[in-house]
Amino acid sequence: MVEHVIAGGVHGILALGSNGEFYGLDHEQQERAVTITIDQVNGRVPVYMGIGAITTKECVKLARLGESLNAQAITILPRCS
């Protein structure tokens, strides 16, 4: 998928965006998904990490994970009630 969208001319890739089933992945699976995406992209375009946790504590934890994995940015899916 990464190769396909880069060949199509994208300017960045959002791993764990809000249109997938990111919410069904545990922390280790999310880390693996972002790691694989960043490795495959290999610096050709920026990689953004989507965060959709429902607590501030978990959002901060995942944001720090994104930073440690060298994601270029994060996006946060706000929870509205």
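This text follows the structure it describes.
Residues numbered from 1 in each chain as written. Predicted model: local features only at pLDDT ≥ 70, side-chain atom pairs only at ≥ 80, totals over all residues. Heavy atoms only, no water.

Focus: the overall build of the protein chain
The helix and strand inventory of the protein chain stands at 3 helices and 3 strands. The N-to-C order of helical and strand elements in the protein chain reads α-β-α-β-α-β. A compact globule built from 81 residues should have a C-alpha radius of gyration of about 12 Å, and the protein chain, at 12 Å, falls within 12% of that. For the protein chain, the spread of C-alpha atoms along the three principal axes comes to 40 × 25 × 20 Å. Residues classed as buried in the protein chain amount to 30% of the 81 residues present. Sequence separation of 24 or more characterises 69% of the internal contacts of the protein chain that already satisfy a separation of 6 or more. For the protein chain, the accessible surface area stands at approximately 5,600 Å², while carbon and sulfur atoms represent 52% of it. In the protein chain, 6 side chains carry a positive charge and 8 a negative one; their mean positions are 6 Å apart. (Helix = DSSP H or I, 4+ residues; strand = E, 2+ residues; numbered from the N terminus. Rg over C-alpha atoms; globule rule 2.2 N^0.38 Å. Buried < 20%, exposed > 50% of the residue type's maximum accessible area, 1.4 Å probe, protein only. Contact = heavy atoms within 4.5 Å. Areas by Shrake-Rupley, 256 points an atom, 1.4 Å probe, with all protein chains shown as cover. Lys, Arg positive; Asp, Glu negative; His and termini not counted. Charge placed at Lys NZ, Arg CZ, Asp CG, Glu CD.)

Topic: the packing of helix α2 (residues 27-41) against helix α3 (residues 56-68)
At a minimum axis distance of 11 Å, the contact between α2 and α3 shows a crossing angle of 30 degrees. Pair α2 / α3 crosses with right-handed handedness. For the pair α2 and α3, the contacting residues are His27, Gln30 and Glu31 in the first and Glu58, Lys61, Leu62 and Leu65 in the second. Split into classes, the residues belonging to the contact of α2 with α3 amount to 2 nonpolar, 2 polar and 3 charged. (Axes fitted to C-alpha atoms, helices over the stretch in contact; angles between N-to-C directions. Left-handed = near helix turned anticlockwise from the far one by under 90°. Nonpolar A, V, L, I, M, F, W, Y, C, P; charged D, E, K, R; others polar.)

Remarks on the side chain of Gln30
Its place among the elements puts Gln30 in helix α2. What makes Gln30 buried here is its relative accessible area of 12%. In contact with Gln30, other than residues within four places in its own chain, are Leu16, Phe22, Leu25 and Leu62.

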